[in-house]
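Fold and contact review
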Amino acid sequence: MTDRSAEGPADADARATAMSRLMAAHRSIRAFQDRPVDAALVDRVLEEALHGSSSSGNLNLVSVIRSGDPARRARLCELHFGQPMVLQAPWVLTFCADTFRTRQWLAQRGARLGFADLLSWHVAAFDAIILAQTAALALESRGLGICYMGTTLHRMREIADELQCPPNCLPVTSLVVGWPAEAPAQRDRLPAAAWIHEEVYRRPTPAQIDERFAERERRGWERYRALGPEMIRRMDELGITHLAQYYTSPAKYDPDRFREDADALRALLAERGFLP
Ligand SMILES: Cc1cc2nc3c(=O)[nH]c(=O)nc-3n(C[C@H](O)[C@H](O)[C@H](O)COP(=O)(O)O)c2cc1C
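Keep in mind that what you see is a predicted model, and the values were worked out from it rather than measured. (Residues numbered from 1 in each chain as written. Predicted model: local features only at pLDDT ≥ 70, side-chain atom pairs only at ≥ 80, totals over all residues. Heavy atoms only, no water.)

The next thing to look at is the nonpolar core. Ranked by size, the top nonpolar core spans 51 residues in total, and within it Leu93, Phe95, Trp121, Leu170, Val176 and Val177 carry the most contacts. A per-element tally of this core places helix H6 (residues 118-141) first, with 10 residues. Excluding residues within four positions of it along the chain, Val176 makes contact with Phe32, Met85, Val86, Ala89, Trp91, Val92, Gly145, Ile146, Cys147 and Met149. By size, the runner-up hydrophobic cluster in this structure holds six residues, among which are Met231, Met235, Leu243 and Tyr246. (Core = buried A, V, L, I, M, F, W, Y, C linked by side-chain atoms within 4.5 Å. Buried < 20%, exposed > 50% of the residue type's maximum accessible area, 1.4 Å probe, protein only. Helix = DSSP H or I, 4+ residues; strand = E, 2+ residues; numbered from the N terminus. Contact = heavy atoms within 4.5 Å.)

Now for the domain arrangement of the protein. Partitioning the protein into domains gives domain 1 (26-184) and domain 2 (192-255). A straight line from the C-alpha centre of domain 1 to that of domain 2 covers 29 Å. (Domains from an automatic or database assignment.)

Turning our eyes to something else, we now look at the pattern of salt bridges. Under the criterion given, the structure shown has 18 salt bridges. One salt bridge in this structure joins Arg157 and Glu271, with 2.9 Å as the shortest N-O distance. Taken as a pair, Arg157 in helix H8 (residues 156-162) and Glu271 in helix H13 (residues 255-271) lie far apart in primary sequence, 114 residues in all. Classification of Glu271 as partly exposed rests on a relative accessible area of 47%. Each of Arg157, Asp161, Glu271 and Arg272 takes part in a single network of salt bridges with overlapping partners. (Salt bridge = Lys/Arg side-chain N within 4 Å of Asp/Glu carboxyl O.)

Along its 20 residues, helix H10 (residues 206-225) runs 26 Å from first to last C-alpha, staying within 8% of the 28 Å computed at 1.5 Å per residue. At Phe213, H10 shows its maximal bend, which comes to roughly 45 degrees. Of the positions making up H10, those classed as buried are Arg212, Gly220 and Tyr224. Along its buried surface, H10 packs onto helix H9 (192-195), helix H11 (229-237) and helix H12 (243-247). (Expected span 1.5 Å × (residues − 1). Bend = angle between axes of the 7 residues up to and from the residue.)

Taken together, 13 residues form the shell around the ligand, and within it His26, Ser28, Arg30, Gln83 and Gly150 come nearest. The backbone of Gly150 places a nitrogen or oxygen atom 2.7 Å from a nitrogen atom of the ligand. Against a free-state accessible area of 620 Å², the protein chains account for coverage of 66% of the ligand. For the shell around the ligand, the per-class residue count stands at four nonpolar, five polar and four charged. (Near = heavy atom within 4 Å. Polar contact = N/O pair within 3.5 Å; in protein donor to acceptor, adjacent residues only side chain to side chain. Areas by Shrake-Rupley, 256 points an atom, 1.4 Å probe, with all protein chains shown as cover. Nonpolar A, V, L, I, M, F, W, Y, C, P; charged D, E, K, R; others polar.)

This next bit is on the side chain of Asp188. Relative to the elements of secondary structure, Asp188 occurs in the loop between strand E4 (169-178) and H9. Overall, Asp188 belongs to the buried group, its relative accessible area being 15%. The contacts of Asp188, once residues within four sequence positions are left out, are Arg216 and Arg219.

Turning our eyes to something else, we now look at the packing of helix H1 (residues 9-24) against H6. Where H1 meets H6, the axes come as close as 10 Å, and the angle between the chain directions of the two elements is 95 degrees. Regarding the angle of H1 to H6, the classification is roughly perpendicular. In this structure, H1 contributes Met19, Leu22 and Met23 to the contact, and H6 contributes Leu137, Glu140 and Ser141. (Axes fitted to C-alpha atoms, helices over the stretch in contact; angles between N-to-C directions. Parallel < 35°, antiparallel > 145°, perpendicular 65-115°, else oblique.)

Our next topic: the pairing of strand E2 (residues 91-98). Among the eight residues that make up E2, eight are buried, leaving the element largely enclosed by the rest of the structure. Side-chain alternation along E2 places Trp91, Leu93, Phe95 and Ala97 on one buried face and Val92, Thr94, Cys96 and Asp98 on a second face that is also buried. One ladder, built from six bridges, connects strand E1 (residues 62-67) with E2; its direction is antiparallel. Paired with Ser67 across the two strands is Val92, which belongs to E2. Two elements, E2 and E4, share eight bridges in a ladder whose sense is antiparallel. Opposite Leu93, over in E4, you have Leu175 as the bridge partner. (Pairing = 2+ DSSP bridges.)

Turning next to the environment of Phe258. Take Phe258: it is sitting in helix H13. Along the chain, Phe258 and Gly114 lie 144 residues apart, while their C-alpha atoms are 30 Å from each other. Those residues in contact with Phe258 that lie beyond four places of it in its chain are His154 and Tyr253.

All right, on to unusual backbone geometry then. The phi dihedral of Asn60 is positive, around 50 degrees, even though this residue is not glycine. Structurally, the position occupied by Asn60 is in the loop between helix H2 (39-51) and E1. Here Glu199, not a glycine, exhibits a phi torsion of approximately 70 degrees, which is positive. Position of Glu199 relative to the elements: it lies in the loop between H9 and H10.

The following block contains the structure:
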């Protein structure tokens, strides 16, 4: 166990510097070398990450499914809307909100059953996401590249079935993991003034929205247009003239598709024991 009280300021400085560097070096990686990553290394990092993550009630309501088999990754790739890195990266880690194991334990011990409700779903999902992000940083600290797969939320049922998840266990996010074959530029973030609020929520004025989204609009627009003539043609076809329009267009986060997938999610939560 690390006893922080025995450390001097230099130790804390060194740790903070290493952490700052690690975070500054973060990039989502979408191209990977054709080079294996030792399963034991991934498992060790995951184990360390669980120890390094807070966990609600220390219940550890999480499971991680590590998939490396090319045939399985090919099926997962399809479910992740064909995103090629699912096939290219040697590992896909699917982080599941899992109260199944704990319920099984409770049942075996004759305790009152619980954790089959919407609140437990959130508790377990938060545990899974917290673990995923700790693991992401830990994997990056070893020079590995990662990319989250948000498509997990849109194909939750199919991914759960492919990975044979029991009731009360559903995937909430995935990471592809491998040795990077690209070094992309750092992506921008909204400025601190846009999202750090002092004491209470400060609603932005229209002028503040203009100011705080200006850089995002400029850089985002440039980045999407730089993807090539096919993208420009699609944007023109959809009548997109600025970044905000792009985000909720059928080409990106289509609200109609989101509503459909949200309805499917509600049905799945009910079916798998997280909703009445
Ligand atoms: C929950 C989550 C889901 C994501 N899903 C995808 C995805 O499906 N495909 C993808 O290419 N990137 C995905 N990303 C990566 C984001 O696009 C990326 O984090 C963002 O553009 C910022 O870039 P950076 O991570 O390189 O700083 C996801 C990120 C998060 C946190």
